[in-house]
Amino acid sequence: MTTLILKRLGLGLFTLWLVSVLVFAGTEILPGDVAGAILGQNATPESLAALRTQLGLDEPALMRYLGWLGGITHGDLGQSLANHRPVAELLWPRFWNTMALAAYAGVIAIPLAVSLGILAAARRGRFFDRFANIAALALVSLPEYFLGLLLILGLSVRTGWLPSLADTYEGMGLVDWFRATTLPMLVLVMVTMAQILRMTRTTVLGVMDQPYIETAFLKGLRNGRVVLRHATPNAAAPIVNVVSFNIAYLITGVVLVEAVFNYNGLGRFMVDAVSKRDLPMVQGAAIVFGAAYVLLNMIADIAAIALNPRLRHPRAKGA
Amino acid sequence: MMNLHSMTAISRRGVLAGGAALGLLGLSGRPLRAEATPTKGGVLKLGIGGGSTTDDFDIRKLTDWVPVNQAYMVMNGLVEIDADNTAQPELFESWEAAEGAVEWTFKVRQGITFHNGKTLTADDILYSLNLHRGDSGSAARSVAAAIKELVKLDETTVKITLESGNADLPYVLSDYHFLVVPEGFDDWMNPIGTGPFKLERMEPGVRARFTRNESYWKPGCANVDAVEVIVINDIAARTNALMSGQVHAINSVDFKTVDLLGRNPNIEIVKSAGGQHFTFLMDCTQAPFTDTNIRLAIKHAVDREQLLTTALRGYGQLGNDHPIPKTDRFFNAELPQRAYDPEKAKFYLKQAGLDSLSITLSASDAAFAGAVDAAAIFRTAAAGAGIDVTLKREPADGYWNDVWMKAPFCMSYWGGRPTADQMLTIAYESSSAQNDTHWKNARFDSLLKEARALLDEEKRREIYWELQQIIHDDGGAMIPMFGDYLDAVSKKVKGVTPHPMFNLMGARMAEKVWLDA
């Protein structure tokens, strides 16, 4: 099992390196550059050339990539091209904001979705099961920004119950913080719940069709006990997988939600940086997103290995 | 020597407000509509689009709306453009020009202190202006390049010698980069100025809070206790924040949704007519636009009324194929408005020896919001005049590098300039790097230069009228419309006026308004 996990870690590092290559190449092929974005309509060939030299944009791409990669390996994400402040100093506070919102949503969405999924499995084919399925599908079919706007209209503009801006700042009270971030949290809960709920239901039901569950029923156990004690633990691996996949989504996929609610997380940071063509900032944000995604998927895989006896003892597979 | 400032101000005011206005000379920032006297107190919350994580208060790099508005809270300019588009004294208290408008002397306002207690002197102004001169990387470098020599005559007098005469120098000095900081100052994250508010804290690209400068010098200004700026770049989020009462005012309202917002009884739409205009650029050095007849055919093949009502929902003015807005004192009011006339367009095509014409128009919403729609509307109207327009949608990214000034026929815009001379110089003078139609007209160039140095208003007016006529008849830009600047403001905010320069009262809303108690 240790070798398996080590292999998975190596693969994770390799993926991260690939991400760095893709991020760098991707930002290279964006049309226009920071010099053009800074100068806009004031761009004349001379002023563009002068600014490019000043910003070091005329060095070969490979040299700039190696310099950047070297920096990342010891935590230096470079300097913003627009105001020469370190990217890391600007980026980490925004990253923790995104993490805080993701945690708020995750803490509510995951237990809720898993328990509703188990409940739906226990009530297979009955009203609750159908209702939960239809509601989950409906919510996951709506784009986040649309859901966000609907909630703002209903809970903020029309009624004034909650603020439409997720306006948070350092030193604000905890109650204010929860109030400000409740609307974006609700949207994130709605879009992540569906997948976890359906996956939980399906895996639990898959286990329920196994012969040993039939045995449990034949022993005279009640439905609820069979689902909770016998089926669910054996369905854990795929559920953990889909949960960590959704946590990764919460962290990396919140760009739209942050824009709709004007939440100052890493997503909005990245949108700002892209529109200003501030490439070190874009690259920094992209690599942090990439690392979070790779890391969470790696944790999911390792957890799946640890929870699955067949993966723990791969040679016993054929037996 | 004569006092140019008093002269122009009196003649303008004479028209607008009668002799009683004389008493207001030197008192800038008075509200346009007489409302109750300002009351002190409250926290003004502004939701502004156009900010980023890298914003600071470096006066050389003010490029977007959040930093510009914030800079005006902390600092003062040298000259202020008021709501009537007239130059008013700010830290320069008065000015005089010698004949020829090359040599100028400015008096520095007395008794002004910076937030750190230092008294304002001519040295601070010299230092602040010099930040933009030479190889400074300032966005106002090209404007400051007109200054040949900048010297202090005594503690309260500054002398500016220009490269060549410019009667509009006070207007030129109203540029929002020409703000004043103490001599030697360079800590752009912790700004010190003479402005109405002091920075309390800022999280760049997110929010900032300012508190009142209790000893602010402008009467009737700095009324609110504090100002909170929340950066909201997304237009929908900005609109929602105003509707749900989280902010008092927002800038750059979308033309498409402004009518919906205006129906809210608690919200007022502030529309400011100004110099912002939208252009269809014909490159006069590329076929077929080398022929004036073709350019005139295009100018007659557009339905301006329809463009204005559809693309801008009526929030603008008709354009007459020259860039001077109605709000400018040199606007040519006698030039007949060009209308949609397919027959005339066909006539000009014939003059060019053609029965029909096929052209490609490059369009992107990078030019202005709604540019692609506007191009499609033009296409339909042009078809009626025998002109077949192929639309080429360009990516918004890199539009200014790759399409603008390169494609033979493309869409663009210009923000307003404080003076007719600046607008005509930047976009139409042969030698300008941003002459975006590559149009060259020797008579235009020499007249423009002549008018710039004239101190006689009437003679200048005659020349500017002719310059507008020349562009209207010969220029490469088809200019169908001017777009208003749109803000939306809660009715709790008092003292709000339209302003011809920019959104949010020329970026000085925080200084002027007060909150209903």
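Residues numbered from 1 in each chain as written. Chains lettered and ligands numbered in written order. Predicted model: local features only at pLDDT ≥ 70, side-chain atom pairs only at ≥ 80, totals over all residues. Heavy atoms only, no water.

Chain B carries the name Peptide/nickel transport system substrate-binding protein in an unreviewed UniProt entry, which gives Rhodobacter maris as its organism. The Subcellular location (unreviewed entry) field of the UniProt record for chain B holds the comment "Periplasm". (UniProt positions renumbered as here; feature names shortened; annotations may be inferred.)

Going by what an unreviewed UniProt entry lists, chain A is known as Peptide/nickel transport system permease protein and is assigned to Rhodobacter maris. What UniProt records for chain A under Sequence similarities (unreviewed entry) is the sentence "Belongs to the binding-protein-dependent transport system permease family." Per its UniProt entry, chain A bears the Subcellular location (unreviewed entry) comment "Cell membrane".

Asker: Let's hear about the packing of helix H8 (residues 292-300) of chain B against helix H15 (residues 457-474) of chain B: which residues, and what values?
Answerer: Residues and elements named next belong to chain B. At a minimum axis distance of 8 Å, the contact between H8 and H15 shows a crossing angle of 90 degrees. Here H15 runs roughly perpendicular to H8, going by the angle between their axes. The residues of H15 that touch H8, namely those facing Thr292, Arg295, Leu296 and Lys299, are Ile471, His472, Asp473 and Asp474. Taken together, the residues of the contact of H8 with H15 break down into 2 nonpolar, 2 polar and 4 charged. (Axes fitted to C-alpha atoms, helices over the stretch in contact; angles between N-to-C directions. Helix = DSSP H or I, 4+ residues; strand = E, 2+ residues; numbered from the N terminus. Parallel < 35°, antiparallel > 145°, perpendicular 65-115°, else oblique. Contact = heavy atoms within 4.5 Å. Nonpolar A, V, L, I, M, F, W, Y, C, P; charged D, E, K, R; others polar.)

Asker: Lay out the UniProt feature "domain: Solute-binding protein family" (unreviewed entry) in chain B with the relevant residues and their values.
Answerer: Under the UniProt annotation, "domain: Solute-binding protein family" (unreviewed entry) lies at residues 87-433 of chain B. Across residues 87-433 of chain B, helical content stands at 24% and strand content at 24%; the span's end C-alpha atoms are separated by 27 Å.

Asker: Describe the packing of aromatic side chains, listing the residues and the values that go with them.
Answerer: Scanning the entire structure with this criterion turns up 32 aromatic pairs over all chains. Taking the centre distance of 5.8 Å and the plane angle of 35 degrees together, the rings of A:Phe24 and A:Trp68 count as tilted. Here the residue A:Phe24 occupies a position in helix H1 (residues 2-29), and A:Trp68 occupies one in helix H4 (residues 61-73), the gap between them amounting to 44 residues. Given a relative accessible area of 7%, A:Phe24 falls into the buried group. One aromatic cluster is present, built from ring pairs that chain together B:Tyr399, B:Trp400, B:Trp404, B:Tyr413 and B:Trp414. We note B:Arg461 situated over the ring of B:Trp465; from NZ or CZ to the ring centre the distance is 4.5 Å. (Phe/Tyr/Trp six-rings, centres within 6.5 Å; stacked < 30°, edge-to-face > 60°. Buried < 20%, exposed > 50% of the residue type's maximum accessible area, 1.4 Å probe, protein only. Lys NZ or Arg CZ within 6 Å of the ring centre and 35° of its normal.)

Asker: So what's going on with the nonpolar core? Residues and values would help.
Answerer: Nonpolar side chains in soluble globular proteins tend to be buried together. Residue and element names in this part refer to chain B. Counting 84 residues, the largest nonpolar core has Phe378, Ile387 and Met411 as its most contacted members. The contacts of Phe378, once residues within four sequence positions are left out, are Phe280, Ile298, Ala301, Val302, Leu361, Val389, Phe409 and Met478. Of all hydrophobic cores here, the second largest spans 80 residues; its members include Ile59, Leu131, Val158 and Ala249. (Core = buried A, V, L, I, M, F, W, Y, C linked by side-chain atoms within 4.5 Å.)

Asker: Any chance you could break down the pattern of salt bridges for me, citing the residues and the numbers?
Answerer: It is possible for side chains bearing opposite charge to pair when their charged atoms get close. Residue and element names in this part refer to chain B. Considering all chains together, one arrives at 39 salt bridges over all chains under this definition. Between Lys512 and Glu80 there is a salt bridge, with its nearest N and O atoms 2.8 Å apart. On the criterion of sequence distance, the pair formed by Lys512 in helix H17 (residues 509-512) and Glu80 in strand E2 (residues 79-81) is long-range, its members being 432 residues apart. The class of Glu80 is buried, set by a relative accessible area of 2%. (Salt bridge = Lys/Arg side-chain N within 4 Å of Asp/Glu carboxyl O.)

Asker: Pulling in residues and values, what's your account of the environment of B:Tyr127?
Answerer: All names here are of chain B. Looking at the element boundaries, Tyr127 is found in helix H3 (residues 122-130). Taking C-alpha positions, Tyr127 is 8.4 Å from Val180, a pair spaced 53 residues apart along the chain. Dropping the residues within four chain positions of it, Tyr127 is found in contact with Val181, Pro182, Glu183, Gly184, Phe185 and Asp186.

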